[in-house]
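Chain by chain, the residues:
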Amino acid sequence: MERKVYLVRHGKPDLGEKEGKVYLGRKDVPLLWSDREHFLLLGQFFHRKGIHHLVSSPLLRCRQSAELVWEGMESISARKPEVDTKISHILTMQEFQEIDTGLWDGCSFAEIRQKYPEEYEKRGLHPGSYVFPAGESPRQAGLRFFEGMKKLLIETEGNLLVMAHAGVIRSFLCIIQGKQEDEMFSFSVPYGSVTELSFDGTDWRTESVGSFPSETMTEARVKEFWDICGTTERQRCHMRKTAAFAMELLNCSERGHFSKPVVQWGDTELNLYNIYYGCLLHDLKRSLGRNHEELGGQWLEERGYGRLAELVRRHNDPAILREGQPLSEEELLYYADKRVKEDLIVSVEERFAMSRSRIKDETGRYMHEKRKNAALHIEKKLRSRQAID
């Protein structure tokens, strides 16, 4: 039977007054407490994933991150006694510790570059095989992690959530994907990100690397993204209204964090987090004009929000229409966007009549009509079946 293994990188470590990038290995530092909410939200996400065992590196920054994930899981069980998290304790395994960076542990890149310029250059040329002075190489750490994972899979059943470190996660991925050890930095594994793997008893399959579930998005982070991307107030108002309208279409009064994250629509499930935050981000790059859909999607994908990136990329694409198929998240976002002009709800006919006069060429008129027809077909789906809790 295939098993799921989720590798989660711990949150940002509290390095005190240390500035710049640091070689952090076995040095035991706590979690930066500002990451608390993220891991609680991850716990609420993972409670639906059928996790049977929560395993952590023994280092403090991992244990604290794992405890917050467990707390998030337990918060769901407290509200819904019928939900069983299946986890009775957090297991720690020495094999999942970070790479032993030896004499460099806790030192900044700038310090090492100044004190050991030749060694620093060697490490840069061969990051996967370089053995840290009085420590180990990433390759050695990856093999250690691999052996620990084999042991864990033999001794347990069901799906696993492992809280670990970027270095050993990257090295482990090189091993199971057959990559050269010096390719480890081809994998982006941000703090708090999730790497999803499947194991069938013989082979590993990588589902995603370094991603963030939509459930971990927050309105504060949306605002941060808007600020970074220069999203105008006019665009923000449109996206807020689009998100609110989408929730109304699903008979959902909640905003942002949902007690029930999935709505059943006929035979399909719609993830409220995907829809709500997709709506709040779909015009993220609208200020750049043409191709803002692709630019916004690419920007989100680079930051690990793969599912939201897909929705943003396709929010203006009539090809998302699936006639005769259940309503999709893409279709709902597309339709909500087409029903909101600025921050006013209008009919499909009104919305497209407003924009038709600006189109001058035949190709543009053809696509305009295609987009309108897609919206009208989605409207029929919405009228034919109501969302049920």
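Calculation notes
Residues numbered from 1 in each chain as written. Predicted model: local features only at pLDDT ≥ 70, side-chain atom pairs only at ≥ 80, totals over all residues. Heavy atoms only, no water. Helix = DSSP H or I, 4+ residues; strand = E, 2+ residues; numbered from the N terminus. Rg over C-alpha atoms; globule rule 2.2 N^0.38 Å. Buried < 20%, exposed > 50% of the residue type's maximum accessible area, 1.4 Å probe, protein only. Contact = heavy atoms within 4.5 Å. Areas by Shrake-Rupley, 256 points an atom, 1.4 Å probe, with all protein chains shown as cover. Lys, Arg positive; Asp, Glu negative; His and termini not counted. Charge placed at Lys NZ, Arg CZ, Asp CG, Glu CD. Pairing = 2+ DSSP bridges. Axes fitted to C-alpha atoms, helices over the stretch in contact; angles between N-to-C directions. Salt bridge = Lys/Arg side-chain N within 4 Å of Asp/Glu carboxyl O. Polar contact = N/O pair within 3.5 Å; in protein donor to acceptor, adjacent residues only side chain to side chain. Disulfide = S-S within 2.5 Å. Parallel < 35°, antiparallel > 145°, perpendicular 65-115°, else oblique. Left-handed = near helix turned anticlockwise from the far one by under 90°. Nonpolar A, V, L, I, M, F, W, Y, C, P; charged D, E, K, R; others polar.

**Student:** What is the right way to read the overall build of the chain from this model?
**Tutor:** Scanning the chain for helices and strands turns up 14 helices and twelve strands. Its C-alpha atoms give the chain a radius of gyration of 24 Å, within 12% of the compact-globule value 21 Å for 389 residues. With respect to the three principal axes, the spread of C-alpha positions in the chain is 70 × 50 × 40 Å. Relative to its 389 residues, the chain shows a buried fraction of 51%. For the chain, the share of sequence-separated contacts (at least 6 apart) that also reach a separation of at least 24 residues comes to 69%. Approximately 18600 Å² of the chain is accessible, and the part contributed by carbon and sulfur atoms is 48%. Averaging the locations of the 58 positively and 61 negatively charged side chains of the chain gives two centres separated by 5 Å.

**Student:** Is there a simple way to explain the sheet that holds strand β8 (residues 204-211) in this structure?
**Tutor:** In spatial order, the strands read β4-β3-β6-β1-β7-β8; together these six strands make up an open sheet with mixed pairing. At either margin of the open sheet sits one strand with a lone partner, and together these are β4 (90-92) and β8. Each adjacent strand pair in this sheet contributes to an overall mean axis angle of 20°, direction not counted. Where strand β1 (residues 3-9) meets strand β7 (residues 194-199), six bridges bridge the pair, whose relative direction is antiparallel. Paired with Y6 across the two strands is E196, which belongs to β7. Packed onto the sheet, helix α5 (residues 138-155) meets β1, β3 (51-56), β4, β6 (159-164), β7 and β8 and runs at close to 150° relative to β6. In this fold helix α6 (residues 166-177) packs onto β1, β6, β7 and β8, with an angle of close to 150° to the strand it touches most, β8.

**Student:** Is there a simple way to explain the side chain of D283 in this structure?
**Tutor:** For D283, the location among the structural elements is in the loop between α9 (272-281) and α10 (292-302). For the buried D283, no salt bridge exists, and the shortest N-O distance to an oppositely charged side chain is 4.5 Å, to R286. Reaching out from D283, the side chain makes a polar contact with the side chain of H292 at a distance of 3.1 Å. Within the local environment of D283, its side chain forms a polar contact with the side chain of H315, the two groups lying 3.3 Å apart. Among all residues touching D283, those that are not within four sequence positions of it are T231, Q235, H238, M239, H292 and H315.

**Student:** Explain the state of the cysteines here, please?
**Tutor:** Note on terminology: a disulfide is the covalent bond linking the sulfur atoms of two cysteines. Inspection of the entire model under this criterion finds zero disulfides. Note on C229: no disulfide assigned, nearest cysteine sulfur contributed by C237 at a separation of 17 Å.

**Student:** What is the right way to look at α9 in this model?
**Tutor:** For α9, the tally of buried residues reaches ten of ten residues, placing the bulk of the element in the interior. Along α9, the residues that are buried comprise L272, Y273, N274, I275, Y276, Y277, G278, C279, L280 and L281. Its side-chain oxygen placed 2.8 Å from the backbone nitrogen of Y273, N271 serves as the N-cap of α9.

**Student:** Sorry if this is basic, but what is going on with the packing of helix α11 (residues 306-313) against helix α12 (residues 329-339) here?
**Tutor:** In helix packing, the relevant descriptors are the interaxial angle and the interaxial distance, both defined with respect to the helix axes. Viewed as axis vectors pointing N to C, α11 and α12 meet at an angle of 50°, and their least axial separation amounts to 9 Å. By the angle class used here, α11 and α12 are oblique. Crossing of α11 against α12: the hand is right-handed. Contact residues: α11 offers R307, E310 and L311, while α12 offers E329, E330 and L333. Tallied by class, the residues present in the contact of α11 with α12 amount to two nonpolar, no polar and four charged.

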